[in-house]
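Geometric and topological summary
Below, each chain spelled out in residue letters.
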Amino acid sequence: MTHSEKQMLIDLNVPIEIKDGTVLRANIYRPNQKGKWPVLLSRTPYSKDVAPIHFGFYDISRVVQQGYVVIIQDTRGRAASEGTLDPILTSKHESSDSYETIDWASKLPYSNGQVGMFGSSYVAFTQWAAMLQPHKALQVAVPGFSWNDPFNGFMYRAGALELGFLSYWQMGMYLDTLPRLYSDQKELTRATSQLISDLNQLKTEIQSLPLKDFTPFTRNKVAPSILEHFEQDMDPEYVEHLSLKGKYDKFTIPTLHIAGWYDIFLQGTIENFLETRNNGSSSETHQSKLIIGPWQHLDHSHQAGEVSFGLAGHSASIDLIGSHLQWFDHFLKGIDTGITKGAPIKLFVMGENVWRDEYEWPLPSTQYTEYYLHSGGNANTLQGDGTLSTIFPDQEKPDHFTYDPLHPVITKGGAIMMPPDFNSGAFDQSQIESREDVLVYTTPVLEKDVEVTGPVKVKLWATSSAPDTDFVARLVDVHPDGSAINLTDGIIRARFRNVQKREKPSLIEPGKAYLYEIDLWATSNLFKKGHRIRLDITSSNFPRWDRNPNTGHDFGEDQEKDLIVAQQTVLHDKEHPSAIVLPIIPRS
């Protein structure tokens, strides 16, 4: 079907048959005039027919008017494309499907043989998959909001299951797939109604135990798939096709990376940029660039949760669409747009609410500064005596709190993508900090501005009465009015404390002190004069991450049947100097 507009032709549901016989379908938008044009391709599991902005900040008509063919294709098993879908397992086909699609697109009668790709999240993953099986026609890519390691913010984070994201994302993915699973119309209507209800009730139902009997997974045919993924635990072979680690030497084309400080894939995007720029196998990859705004996942507006970062925070203030087009013009049309010159990094400094260009990450002027935890043994709640300072501790009483898996700390904001009742972004944490199971450490009122830009880590000395448990850390900007705005956070599952050192998971000895390194990923924030810097320590952030039952049992072993209440102790003395390491940027 073809529609004609004054400056654009639109071809809908154009088929391409993959070698295994599967038919994939695409919408094609092209100039309404004779000629051959570069092709911009986006391969999405979220339906090619939704609003174009979804595919990567694009006004498709603007792109076509600038002399491009835009192709939006439904990936295998999605919307109008044939095949079966499993959000995790079907992705094994993305490299070969992308290769064949690129080959087809480069040979269309109105194509000049040059192809670029764009899009965010899973649509960014299809770009990486294409680059892993490179076609000579593919010249450039713009992957936004993309992961690089399934075990660092996609399926797991430091051993903790990304329960909120995986449940919501996978259940939502099945909404337009149910017609493939139910041939009877009455059954289909029932299953669709039930899945919608389950999604709406996910906030409540996700609290059920045991997790493997989670009701929404057992009511429809979506259940076996989701539970299978959970039961695989952290098996690297199971998700090898989703990982980019150790594969960057295969990439040969330049990439423009888009990220957000409140994005669930922030760290993956940063690492993808660094690895392609430093370890890609061609001079073109070394021209890769990175843009980080105050954004949430797929949201590039100026508002993140309760906080507005001013109009400067909106992507329109830096003409993000124009940056995309400059990138494509340079590498697909040979126009010197200047996009590869100057600083490779553009980042937004929250608090100051300004954009800044940088040449390295982390910034070369970074002064990694340890802010040590102090208290008289009563750091519980924001009314406690916990403090932060650069003074090394001497002999101090430890802090104690009780972690009960039946009463976890509830997720409030952050770098999440979860059910609508759990909003992502920046929120006042004061209510959470009023809990007895949250330790709160705060600096005195700042006498001058302090900029924190770069990776943030916590070195936490702690003991637990349980054989396995979690520790969660959160960096907070405390405003003069007392509002405590979250910036970034992280978690460590005790048994996985040494996985980064390539050691196998191992349970802890109850009562023994261990040093836990909690990766809070990164941020850029100006703590203004009159504000305070705060660190929260607790043992849960649910349902973003699954609650640890403290038993040490694996998933599938009915680990939630016999929950253990853990008595946690945080040490901060001369022998156990717990601290948050902040990347301080000197300011004149």
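Residues numbered from 1 in each chain as written. Predicted model: local features only at pLDDT ≥ 70, side-chain atom pairs only at ≥ 80, totals over all residues. Heavy atoms only, no water.

As recorded in an unreviewed UniProt entry, the protein goes by the name CocE/NonD family hydrolase, listed as coming from Shimazuella alba.

1. A look at the overall build of the protein
Threshold: Under the scheme used here, helices are H or I runs from DSSP no shorter than 4 residues and strands are E runs no shorter than 2 residues, and both carry numbers assigned from the N terminus. Three exposure classes are used, based on accessible area relative to the maximum for each residue type with a 1.4 Å probe and protein chains only: buried under 20%, partly exposed in between, and exposed over 50%. When checking whether two residues touch, look at their non-hydrogen atoms; a contact exists if any pair is within 4.5 Å. Surface accessibility in these figures is a Shrake-Rupley result with a 1.4 Å probe; residues are shielded only by whichever protein chains are displayed. The convention is simple: Lys and Arg are positive, Asp and Glu are negative, and His and the chain ends are not counted. Taken as the charge location is NZ of Lys, CZ of Arg, CG of Asp or CD of Glu.
For the protein, the helix and strand inventory stands at eleven helices and 26 strands. A principal-axis box enclosing the C-alpha atoms of the protein has dimensions of 80 × 65 × 40 Å. With 588 residues in all, the protein has 60% of them scored as buried. Put simply, of all contacts in the protein between residues at least 6 apart along the chain, 75% involve residues at least 24 apart. Carbon and sulfur atoms make up 49% of the accessible area of the protein, which amounts to about 22300 Å² in all. Each charge sign in the protein was given a centre, from 54 positive and 73 negative side chains, and these centres are 5 Å apart.

2. Some thoughts on the pattern of salt bridges
Which entries qualify depends on this criterion: What makes a salt bridge here is a side-chain nitrogen of Lys or Arg within 4 Å of a carboxyl oxygen of Asp or Glu, nothing more.
Scanning all chains against the criterion turns up 26 salt bridges. We note a salt bridge from D11 to R30, for which the minimum N-O separation is 2.8 Å. Of this pair, D11 sits in strand β2 (residues 8-17) while R30 is found in strand β3 (residues 23-31), placing the two residues 19 residues apart along the sequence. As far as burial versus exposure is concerned, D11 and R30 are alike and both buried. The closest approach of N and O atoms between K107 and D103, which form a salt bridge, is 3.2 Å. A single salt-bridge network, built from bridges that share partners, covers E352, R356, E358, E451 and R587.

3. Regarding the confidence of the model for the protein
Cut-off, in case you're wondering: Each residue carries a pLDDT value, the predictor's own confidence for that position, ranging from 0 to 100.
Counting all residues, the mean pLDDT for the protein is 92, and 95% of those residues have values of 70 or more. Within the model, pLDDT remains below 50 along residues 1-5, and this stretch shows 13 contacts once partners closer than five positions in the same chain are excluded.

4. Considerations on the domain arrangement of the protein
Many descriptions give the size of an interface as the accessible area lost when the pieces come together. Short version of the rule: Each domain span listed reflects an automatic or database assignment of domains. Put simply, buried area is how much 1.4 Å-probe accessible surface two parts lose in total, over both of them, once they are put together. Note that Gly is not counted as nonpolar here; it falls among the polar residues with everything else outside the nonpolar set of Ala, Val, Leu, Ile, Met, Phe, Trp, Tyr, Cys and Pro and the charged set of Asp, Glu, Lys and Arg.
For the protein, the assigned domains read domain 1 (8-152 + 241-358), domain 2 (160-233) and domain 3 (367-585). Here the C-alpha centre of domain 2 lies 29 Å away from the C-alpha centre of domain 1. Contacts between the two partners involve 17 residues from domain 1 and, on the opposite side, twelve residues from domain 2. Interface of domain 1 and domain 2: buried area, both sides summed, is about 1200 Å²; carbon and sulfur atoms make up 57% of it. It is R78, P87 and I88 in domain 1 that bury the most area against domain 2; as a group they hold 37% of the surface buried on that side. Of the residues belonging to the side of domain 1 that touches domain 2, the class tally is eleven nonpolar, three polar and three charged.

5. A word on helix α6 (residues 185-200)
The condition is simple: Every helix has an expected span of 1.5 Å times one less than the residues it contains. The directions from the helix axis to the C-beta atoms form the arc being described.
The terminal C-alpha atoms of α6, which comprises 16 residues, lie 23 Å apart, in line with the 22 Å expected from a rise of 1.5 Å per residue. Turning to α6, its buried residues are L188, A191, L195, D198 and L199. Mapping the buried residues of α6 onto a view down its axis gives an arc of 95°, with all of them on the same face. Those residues of α6 that are exposed and angled more than 90 degrees off the buried face are Q185, K186 and N200.

6. Considering the side chain of Q267
Mapped onto the secondary structure, Q267 falls in helix α10 (residues 266-279). Classification of Q267 as buried rests on a relative accessible area of 12%. Ignoring anything within four residues of it in the chain, the contact list for Q267 reads N152, W521 and A522.

7. Remarks on the packing of helix α4 (residues 163-173) against α6
The test is simple: Throughout, an axis means a line fitted to C-alpha atoms (over the contacting stretch in the case of helices), and angles, computed between N-to-C directions, take values from 0 to 180 degrees. Any angle that falls under 35 degrees is termed roughly parallel, while one over 145 is termed roughly antiparallel, one within 65 to 115 roughly perpendicular, and all others oblique. Helix crossings fall into two classes, left-handed where the near helix is turned counterclockwise from the far one by less than a right angle and right-handed where it is turned clockwise.
Contact geometry for α4 and α6: axes closest at 10 Å, N-to-C directions at 160°. Taken together, the axes of α4 and α6 lie roughly antiparallel to each other. The interaxial crossing formed by α4 with α6 has left-handed handedness. Counting all contacts with α4, which are made through Y168, M171 and G172, the residues of α6 involved are L195, D198 and L199. Broken down by class, the residue content of the contact of α4 with α6 amounts to four nonpolar, one polar and one charged.

8. A word on the environment of T44
To be explicit about the condition: Within 3.5 Å is the distance limit for a polar contact, defined as a pair of N or O atoms, with the added protein rule that one can donate a hydrogen and the other accept it, and that residues adjacent in sequence qualify only through two side-chain atoms.
On the secondary structure map, T44 appears in strand β4 (residues 37-44). When the C-alpha positions of T44 and I321 are compared, they lie 19 Å apart, and in sequence the two are 277 residues distant. From its side chain, T44 meets the backbone nitrogen of Y46 in a polar contact 2.9 Å long.

9. Comments concerning the pairing of strand β10 (residues 256-262)
The condition that has to hold: The criterion for strand pairing is that DSSP finds at least two bridges linking the strands in question. Clockwise travel from the first strand over the helix to the second, with the strands pointing away from the viewer, marks a crossover as right-handed.
Summarising burial for β10: seven of the seven residues are buried, a large majority. Alignment of β10 against strand β11 (residues 289-296), held across six bridges, turns out to be parallel. Opposite I258, over in β11, you have I291 as the bridge partner. As a crossover connection, the stretch from β10 through α10 into β11 is right-handed.

10. Re α4
In terms of residue burial, α4 counts as a mostly covered element, since nine of its eleven residues are buried. Taken together, the buried positions of α4 are occupied by L163, G164, F165, L166, S167, W169, Q170, M171 and M173.

11. Let's talk about unusual backbone geometry
The omega torsion across W361 and P362 is -10°, close enough to zero to call that bond cis. Locating P362 in the fold gives a position in the loop between β15 (354-358) and β16 (367-374). A cis amide bond links F542 to the next residue, P543, at an omega of 10°. The residue P543 is located in the loop between β24 (532-538) and β25 (566-571) in this model. At D319, a residue that is not glycine, the phi angle is positive and equals roughly 50°. Checked against the element boundaries, D319 lands in the loop between β13 (307-308) and α11 (320-333).

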